[in-house]
Structures are given as C-alpha cells and as structure tokens.
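Listed here are the chains, written in short residue letters.
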Amino acid sequence: MKPSRKALSAIAGEHQSGDLTNLPNDLFLLISSYLSPQDCVLCRRVSRAWLAAFTNPDASRDFMRWHFSRSREMRRAALELRERPDWTPDWARVFAKVARRYYYLRSARPRLVEKVDVTQEPPPPGRGLLKAAFRGVAPWNRWLRWNDSTAVFQHRDPAWCVDDGLLVYHEPFSGRYVAYDLETRHRFEVPFDTADKTVRRLRFTCGLLVVEWCEREAYHQLNDRETVHRHFATAFDVARRRSSPSDYSSSSSASEFELPRFTWDITFRSEWKIHFLGLPLNSRDRFFSAHTATHYALYLWQPNRSPWGEEDPLEQLTVWDIASPSAYRPSLDPTGANKPEPNSDSAQQEGPVVVNRFTWRDLEFLGLRQRHTPVLREVLLDDANVYVHEEEHRWLAGQHSSLSPPRHHQVRCTGIPFTGVGPRWFDECCADGDVHLSFCPRAGSAARITSSGAGGGDDGDFNNNDDSAPTRSQAAGFSPFRGGTAWPGWAPCWRHEEFPYLTVSDVVDASAGVRIVARQCFMMEALSSFVLPKISVEEDEDEDEDEVSEVRFADEMWAELLGKGRIAGDERWIVGEDAVGMVTIVRF
C-alpha cells in the first residue's frame, strides 16, 4: 500500500534519532528497496533531509539497478562509462525521469500525445495520382470475412518510417523529406530531391534509409491504356554521432541533460534501378522489398499481359549487393552510356550489383511461386539469405484469397541463400486446436520479449536434412519473434497468438523487456502494453511467463495509432498514424 503524504510527514516530524535518513546507509537502502519507484520519488517531498537522502547519487543509482536495470538509460550509461570512466550521470534526475516513464507505460496511459502532419497518398480514383508525392504499392486484394463482418487483413504501406528514434516523412508545406529525432525533437533534412518523383515506399533499418520511387513522367507506352514509369531505389547512410556544443542552440545546452546527446548525419550512398523496363502506376503491379546494411531484395508480381493467352502472372525475386557506395545515378543516365564498368579504376564505382535473379521457374522449384492466389506477406533478409514469409487464414475472402483455405491461421517462412545454392530453410505453423479455438505455443508476450521463448514449438527443417540447420536450441541467442535480435527465419507466429484476435502490429523492445501489441477481431480492437514484472535480467530466468501482466489502453487510442495498421517505437514512445492521416507520437 502506497504511504500517504500525511503519514510520511508524520514520520519526518519524529525526533531525529527515529528519522529514516539518520539510519546507517545499509539499513536505509534495505528499507527503501521495499518502496515502489513512484514512492521513492514522492519521498523527496517530505523534507529537505529526505530530499537529500533520496536524491543521493549512490542511492539513486541503486534504485535504477533495482527497478530499471534494463532501461535504455542504464544501457547507455554502461556504454558511456566504458568510454569515459570518470563521467558521472545525474542519477537522481535519471531515476525520476525513468520512473515517470514506466508509471505511464505500466498503466497504458500516454503522458503526452504529439501530432505530425505528413503528406498522404491521394485516394483513388483521382487525377492527382500521377502527380502525387507518395503513391504506395497496393497490398493483395484479400480481407477477412466472417458472417456479415469484414476486417482488413493486410494494410497499405504508411508514407513514413521510423527506426532508432528517428522518424522520416515528407513535409506537406515544404515539399521535402525530413528526419525528426524523437528524443531531441530536432529535424534534419534528408538530401532526397523530390522534383518530378513519386515515392512508392520508405524503409529505414540497419542504419540505412531506402527510398523506392518512380518518375512522374511516363517512360514509354505499355499498351493502349497503360504507361510505364521507370522505378529506382535510393539509399542513404544514416549515422548517429555525439553532439558538439555547436550543435545546440543557446537555449538548449548539453549540460541540461543527464546523458550525452546525439545528432544525425544523412549521406547519399547509391542509387539503382529496381526494374529494367519500369512498372505501371496502378493497383495491379506489386512489389515487396527488404534491405539490410549490405543487401537489398525485391519480389515482383505482375499480371500477365501476353497477347498469346498466357495467364500466370510474372514473378521474379532479385537480390542486390548494395554495400559499395557509388556516385552514379542511373536516373540521370537513361541510355546507360556513363555507367562505370565493373572493377574499373574510375572515380565512379559500380555501386549496387545484382547477386542473383530467381525467375518464376526458380520460385516454383523452391515452392515460392504465388500465381493467382498469392499468400506472400513480406520479404526479409539476413547476411546471406532471403526469407519469404507467407500467410493464409481460414476466413480470407477476395480476389487473391485461396480456394482451399487452411483449417486455422497458417504462417510459414522459406529461406534460401542469396546464391541459390545450398539448403532451403522451411518453418511452418498452423497452431493447435480446432476451428473455434487456436493456440500457438511459440507466441505470447513473454516469449516475444525473452529469448527463452525460442524453446517452444517444433524445429524448422531444411529440405535436405542438412546438419547445418540451426535448431531452436542452437539459436537460443536469437529471439524467434521480431525484436532487437530477431532472426527472420521463424514463421510469424506472433500474428495468431490470441485466437480469434489477429495481431495487427506490435512494438517489441526486447532489451527493455517491453512489448506493446495491437490485436483486432473484426469489430473488437485491443491495444495493450506488456512489461515484465521483474525488470532484472537475472530474475527473468526464473520467472513464470503467466506473470506477465497485460494492461489495455483506452479504446480511443486505437483510432489514434492504427490508421495504417502499423505501430513502431520502444519503451519511450509509440509511433502510429491516426484515422485522418497524421502521425501520432505517444510519449510515456
């Protein structure tokens, strides 16, 4: 039970010998260890002696170790102390800040809601689509239907992206792309020229921002009704560096903050053409992509326009090596006359090169050809393999839905080496139970934020039973679910963890032991936060997963964050899009 302010004042009014702050330090810390973080902060208001005791640097550091050892501030302080052993953070201020954050996080309440106006895709049909600053790639034409109720199964891509606390979006009033640091609230210009360009997708991960775009002016006529636009991808290196005093304004000095502040450097790396001829700007030609710091993969699906009566769509999976920077821009060289030769000694390096192209025959051999009922959800990468995540559901309807749906919600992952030579990794899960109740032993919030969740479920298989296949026990260093160290080779079981709810999106801060999840079941919507009751890493090992408590946000937060079916962030904030197209930043 939380002590009242009156009770604390009564204790302080006793004679000096009975004052808590006059006890030996060991006893003071022992008694203080039974207080909640909020109580430790409130005790500072009792008297000057209590203020001095509960803001003592050593005591405040112990409070942080006891209550928030996995917090971002503790991890950053540990790294900073390795570089500067003589540096001492303001532990009292840090503890008050982190205690406030986790108070709001554990109660699923926003401390502050911030709105950011971003350029939106014009609704089809419309004459402005060809001149739009952003026109996303259409998802598959399938949705969930049960009796008379329907729900979105796969949302459109948002016109923004965020990673590592940096939000990238297009400003409507300035017409430029900017990067917004959510921690310092400073904005940095992205050196991407938007003139006569329509962006198809933004993605920021692994310290690399990739902008997929096309020219607004058609390159050539495809047929009587369609034109083709050349499509490109532009990559920017995004690096964080420590701020110098000159990076701060006179009203915001670095000394005001407990931990060192950082700024961002955004520099052009390379540009490459993602399709040799180009693609029409319509809702039928689709492509899915992914990238790491060194590779880029794109799956292309196009309806067959052959005049000879062929019906199967055109499919291709291409992998590029994008590690080498290059000043060459193919968008400025339509004929390719100035393209540098491979391994040349010229000032312009070759830049991105194609590692492999998997044709429709290769995809069919690998069991990845989608045909007219595609089930592909996303493409992911690691250092040497490309992974294709596929998803089917019993209640799917629409043009691209399967004619023979599974009994439950089925997810699977197929991994293949970039070179196409070697074993194929395959992992599949259709959960357990019957048509009315489905349960996946791998899923769950505790499993999503602890690496011990890798032990559940069956091991994935290589199709040739190669001994090099990593089992779940061998991959115990990786979380099988998305998060800081997630391996993309596991099937996305997080999507069906709470049947009949479908997990739309989630935020996993595995290092902090925090997860925020959004689930939907037709008209029922739930946005919840999960925080491990015991923050200490050592204590997590003996913790029962059932103890992870779920706290639900207020119902109106769904419309504030899930307009595009995607949330991102970490223990400090959630980033989403509201129903009218503005980016919502919920700060804790």
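Q: What exactly am I supposed to notice about the packing of helix α2 (residues 25–32) against helix α5 (residues 57–67) here?
A: When two helices pack together, their arrangement is given by the angle between the helix axes and the distance between those axes. Across the interface, α2 lies against α5 with an axial gap of 11 Å and an inter-helix angle of 35°. Judged by the twist between their axes, the crossing of α2 over α5 is right-handed. Residues F28, L29 and S32 of α2 touch α5, and the partners they reach there are A59, D62, F63 and W66. Classifying every residue of the contact of α2 with α5 gives five nonpolar, one polar and one charged.

Q: How should the pairing of strand β15 (residues 295–302) be read in this particular structure?
A: Successive side chains on a regular strand alternate, one facing one side of the sheet and the next facing the other. Burial of β15 is extensive: eight of the eight residues sit out of reach of the surface. As judged from the six bridges shared by strand β14 (residues 286–291) and β15, these two strands associate in the antiparallel manner. Bridge pairing in β15 links F288 to Y299. Here β14 folds back onto β15, and the loop between the two strands holds three residues. As paired elements, β15 and strand β16 (residues 314–321) share eight bridges and run antiparallel to each other. Note on β16: the bridge partner recorded for H295 is D321.

Q: I keep staring at the confidence of the model for the chain and nothing clicks. Help me out?
A: It should be kept in mind that the predicted coordinates are not to be read in detail where pLDDT is low. Overall, the predicted model of the chain reaches an average pLDDT of 82, with 78% of residues at or above 70. Predicted confidence is poor over residues 451–485, with pLDDT under 50, and the contacts of this stretch with residues over four places away or in other chains come to 71 contacts.

Q: Even after reading the chapter, I still don't get α5, so can you show me in this structure?
A: A turn of α-helix holds 3.6 residues, and therefore any two residues three or four places apart point the same way. Those residues of α5 lying buried are A59, S60, D62, F63, M64 and H67. Close packing links the buried residues of α5 with α2, α3 (37–42), α4 (48–54), α6 (72–83) and α7 (91–106). Capping the start of α5, N56 holds a side-chain oxygen 2.9 Å from the backbone nitrogen of D58, two or three residues further along.

Q: What's the story with the nonpolar core in this structure? I'm lost.
A: In a soluble, globular protein the nonpolar side chains are often hidden away together inside. Formed by 42 residues in total, the largest nonpolar core has its most connected members in F54, I516, L527, I567 and I574. Only α2, α4, α5, α6, α7, β26 (502–509), β27 (514–521) and α11 (556–561) provide two or more residues apiece to this core. Looking at which element gives the most residues to this core, the answer is α7, with eight residues. Ranked by size, the runner-up nonpolar core spans 21 residues in total, among them V199, F204, V238 and I266.

Q: I keep staring at the environment of A99 and nothing clicks. Help me out?
A: Relative to the helices and strands, A99 is located in helix α7. Judged by its relative accessible area of 3%, A99 falls in the buried class. Sequence-distant contacts of A99, defined by excluding residues within four places in its chain, comprise P37, Q38, V41 and F68.

Q: When you look at the sheet that holds strand β30 (residues 568–570) in this model, what are you seeing that I'm missing?
A: Strand pairing in a sheet is mediated by backbone hydrogen bonds. Such pairs are either parallel or antiparallel. The four strands lie next to each other as β1-β32-β31-β30, forming an open sheet whose pairing is antiparallel. The two strands at the open ends of the sheet, each matched to only one other strand, are β1 (112–116) and β30. Each adjacent strand pair in this sheet contributes to an overall mean axis angle of 15°, direction not counted. Pairing geometry for strand β31 (residues 573–577) and strand β32 (residues 583–587), over five bridges, is antiparallel. Following the sheet pairing, E577 is matched in β32 by V583.

Calculation criteria
- Residues numbered from 1 in each chain as written.
- Predicted model: local features only at pLDDT ≥ 70, side-chain atom pairs only at ≥ 80, totals over all residues.
- Heavy atoms only, no water.
- Axes fitted to C-alpha atoms, helices over the stretch in contact; angles between N-to-C directions.
- Helix = DSSP H or I, 4+ residues; strand = E, 2+ residues; numbered from the N terminus.
- Left-handed = near helix turned anticlockwise from the far one by under 90°.
- Contact = heavy atoms within 4.5 Å.
- Nonpolar A, V, L, I, M, F, W, Y, C, P; charged D, E, K, R; others polar.
- Buried < 20%, exposed > 50% of the residue type's maximum accessible area, 1.4 Å probe, protein only.
- Pairing = 2+ DSSP bridges.
- pLDDT = per-residue confidence, 0-100.
- Polar contact = N/O pair within 3.5 Å; in protein donor to acceptor, adjacent residues only side chain to side chain.
- Core = buried A, V, L, I, M, F, W, Y, C linked by side-chain atoms within 4.5 Å.

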